[in-house]
Amino acid sequence: MVLGYIGFLLLGHQPDSSLPWLGVMLHTSYEMVNAMWWGILTASFFVGLLGRIPRELVMSVLGKGGTKRGLFRATLAGLMLDLCNHGILMVAMKLYERGASIGQVMAFLIASPWNSLTLTLILVGLIGLKWTLLFIVASLLIAWVSGWIFDRLVERGTLPANPNQGEFQQVAFMPTLKSTWKENDWSVPSLLRMFWQGFKESKMVLRWVFFGVVLIALVRAFVPEDSFGIWFGASFTGLLMTLLVTTIIEVCSEGSSPIAADLFNRAAAPGNAFTFLMAGAATDYTEIMALQNTTRSWKIALFLPLITVPQVLLIGWLMNTVGV
């Protein structure tokens, strides 16, 4: 990925007219790095910051795992935290380590596929306020329901519980936050060390992010993109084709909104646009592999698409039925 970025800077848009695929790959690396760098750096800061916050304080904010209130707080946190989808994944894995339940981690991850206030506002300009709000409400519903199902599966013993989870003493938020602030060193050198620690702890996630960029570059270089309007109309077949494409092609949140808007406007398929946004996050192999590496459970990782995709398809079909 880094070589592709440097190669684009050195060679430009057309490194060799006889190798057009190389130009596409270099440009994709350049585009993806420019889109993701701020999210990765911000997420590294938050991961390092979470390492300084007492576990009891984190759980006081999220609420008790396995409860409706805890799921609601985790869902709301996932929606409000202004990070790209890869950044939100890094923070979610840290929340797992701090003791959040499996359901809370999943609700946090699924809550908003674009996970950025800026990109949400861009989506408003592309498809309108009404449909953007509907997309957000639907994503929140899927996140909460999915988190609830995950917690119930853990209760039944179908999925393993988070070993970091335990009985934590509820603490007063503001007094504990003030005391934590006073106890830590907030000088510039200390903040840089905190950021570097967060970056190192995120290496497992970053490995799959970088792999994803390489795969996206390969797909864009060798798979044509001019079939959206033909193959991805507002039909059940178009919905399934959208699911197939968003499963194969990992698109970061910065790239998903414009593509979703194209499905919405050019293909007149709002359900397909929603499916592209949501199923892209639910079937993201970066998230699946990060979940497996963090939880040490393939079952937890693979249950993410198993639980969420049917909900996404149902809501997408209903949206297509209503129409633009």
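Residues numbered from 1 in each chain as written. Predicted model: local features only at pLDDT ≥ 70, side-chain atom pairs only at ≥ 80, totals over all residues. Heavy atoms only, no water.

Chemist: Please give an account of the overall build of the protein chain that cites residues and values.
Modeler: Looking only at helices and strands, the protein chain features 17 helices and zero strands. Here the protein chain, with 324 residues, has 53% of them falling under the buried criterion. By sequence separation, contacts in the protein chain at least 24 residues apart represent 80% of the contacts at least 6 residues apart. Put simply, the protein chain shows about 15100 Å² of open surface, and 69% of that area lies on carbon and sulfur atoms. (Helix = DSSP H or I, 4+ residues; strand = E, 2+ residues; numbered from the N terminus. Buried < 20%, exposed > 50% of the residue type's maximum accessible area, 1.4 Å probe, protein only. Contact = heavy atoms within 4.5 Å. Areas by Shrake-Rupley, 256 points an atom, 1.4 Å probe, with all protein chains shown as cover.)

Chemist: Give me the lowdown on unusual backbone geometry, citing residues and values where you can.
Modeler: Generally, phi is negative for residues other than glycine and the peptide bonds are trans, each holding for most cases. Positive phi is not limited to glycine here, since Arg296 has a value of about 60°. Its place among the elements puts Arg296 in the loop between helix 16 (285-295) and helix 17 (298-322).

Chemist: Any details on the nonpolar core? Residues and values, ideally.
Modeler: One finds Met93, Met106, Leu109, Phe135 and Phe274 to be the most contacted residues of the largest nonpolar core, which totals 51 residues. Take this core: its biggest share by element is ten residues, from helix 17. (Core = buried A, V, L, I, M, F, W, Y, C linked by side-chain atoms within 4.5 Å.)

Chemist: For the packing of aromatic side chains, give the residues involved together with the corresponding values.
Modeler: A full pass over the atoms with the stated rule returns two aromatic pairs. On the basis of an interplanar angle of 75° and a centroid distance of 6.3 Å, the ring pair of Trp131 and Phe135 is categorised as edge-to-face. Of this pair, Trp131 and Phe135 both sit in helix 8 (residues 129-156), separated by four residues, roughly a single helical turn. By relative accessible area, which is 0% here, Phe135 ends up buried. Members of the aromatic cluster, joined through ring pairs, are Trp131, Phe135 and Phe274. (Phe/Tyr/Trp six-rings, centres within 6.5 Å; stacked < 30°, edge-to-face > 60°.)

Chemist: Tell me about the UniProt feature "transmembrane region" (unreviewed entry) in the protein chain, and name the residues and values.
Modeler: Under the UniProt annotation, the feature "transmembrane region" (unreviewed entry) is placed at residues 36-53, 74-96, 102-124, 131-150, 205-223, 230-249, 269-288 and 300-319. Here residues 131-150 runs as 100% helix and 0% strand, with 28 Å between its end C-alpha atoms. End C-alpha to end C-alpha, residues 269-288 measures 28 Å, and it is 85% helix and 0% strand. (UniProt positions renumbered as here; feature names shortened; annotations may be inferred.)

Chemist: Please provide a residue-by-residue account of the packing of helix 13 (residues 236-248) against helix 15 (residues 270-282), values included.
Modeler: Where helix 13 contacts helix 15, the axes come no closer than 9 Å and their chain directions differ by 30°. With respect to each other, helix 13 and helix 15 are oriented roughly parallel. Where helix 13 crosses over helix 15, the handedness of that crossing is right-handed. Residue-level inspection shows Gly238, Leu239, Thr242, Leu243 and Thr246 of helix 13 in contact with helix 15, the latter providing Gly271, Asn272, Thr275, Phe276, Ala279 and Gly280. For the contact of helix 13 with helix 15, the residue count by class is four nonpolar, seven polar and no charged. (Axes fitted to C-alpha atoms, helices over the stretch in contact; angles between N-to-C directions. Parallel < 35°, antiparallel > 145°, perpendicular 65-115°, else oblique. Left-handed = near helix turned anticlockwise from the far one by under 90°. Nonpolar A, V, L, I, M, F, W, Y, C, P; charged D, E, K, R; others polar.)

Chemist: Account for the confidence of the model for the protein chain, naming residues and giving values.
Modeler: The predicted coordinates should not be examined in detail at positions where pLDDT is low. Averaged over all residues, the pLDDT of the protein chain equals 76, while 66% of them reach at least 70. The lowest-confidence element of the protein chain is helix 12 (residues 228-231), averaging 60 in pLDDT; the highest-confidence one is helix 17, averaging 92. (pLDDT = per-residue confidence, 0-100.)

Chemist: Please set out the environment of Leu218 residue by residue, giving values where relevant.
Modeler: Position of Leu218 relative to the elements: it lies in helix 11 (residues 203-222). Along the chain, Leu218 and Leu22 lie 196 residues apart, while their C-alpha atoms are 9.2 Å from each other.

Chemist: Which residues make up the side chain of Gln311, and what are the values?
Modeler: Mapped onto the secondary structure, Gln311 falls in helix 17. Note on Gln311: relative accessible area 17%, which makes it buried. Separated by 2.9 Å, the side chains of Gln311 and Ser146 make a polar contact. A polar contact is formed between the side chain of Gln311 and the backbone oxygen of Ile307, at a distance of 2.9 Å. Apart from the residues lying within four places of it in its own chain, the contact partners of Gln311 are Ile142, Val145 and Ser146. (Polar contact = N/O pair within 3.5 Å; in protein donor to acceptor, adjacent residues only side chain to side chain.)

Chemist: Outline the pattern of salt bridges, listing residues and values.
Modeler: This model, assessed by the stated rule, comprises one salt bridge. Linking Arg152 and Glu155 is a salt bridge whose minimum nitrogen-to-oxygen distance equals 2.8 Å. Taken together, the positions of Arg152 and Glu155, both in helix 8 and three residues apart, correspond to about one turn of that helix. Take Glu155: its relative accessible area is 59%, and that puts it in the exposed class. (Salt bridge = Lys/Arg side-chain N within 4 Å of Asp/Glu carboxyl O.)

Chemist: Explain helix 17 to me, and be specific about the residues and the numbers.
Modeler: The terminal C-alpha atoms of helix 17 lie 37 Å apart, and with 25 residues this matches the ideal 36 Å at 1.5 Å per residue to within 8%. Of all the bends found along helix 17, the most pronounced is centred on Thr308 and spans about 25°, while Pro310, a proline, follows it within four residues. Structurally, the start of helix 17 carries an N-cap: the backbone nitrogen of Lys299 is 3.4 Å from a side-chain oxygen of Ser297. Looking one or two residues past helix 17, Gly323 carries a phi angle of roughly 85°, positive in sign. (Expected span 1.5 Å × (residues − 1). Bend = angle between axes of the 7 residues up to and from the residue.)

Chemist: Describe helix 6 (residues 102-110), listing the residues and the values that go with them.
Modeler: Of all the nine residues making up helix 6, nine are buried; the element is thus mostly covered by neighbouring parts of the structure. Those residues of helix 6 that fall on the buried side of the exposure criterion are Ile102, Gly103, Gln104, Val105, Met106, Ala107, Phe108, Leu109 and Ile110.

Chemist: Outline the side chain of Ser139, supporting the account with residue identities and numerical values.
Modeler: Tracing the sequence through the fold places Ser139 in helix 8. The exposure class of Ser139 is buried, given its relative accessible area of 0%. Of the polar contacts made by the side chain of Ser139, one reaches the backbone oxygen of Ile136; its length is 2.7 Å.

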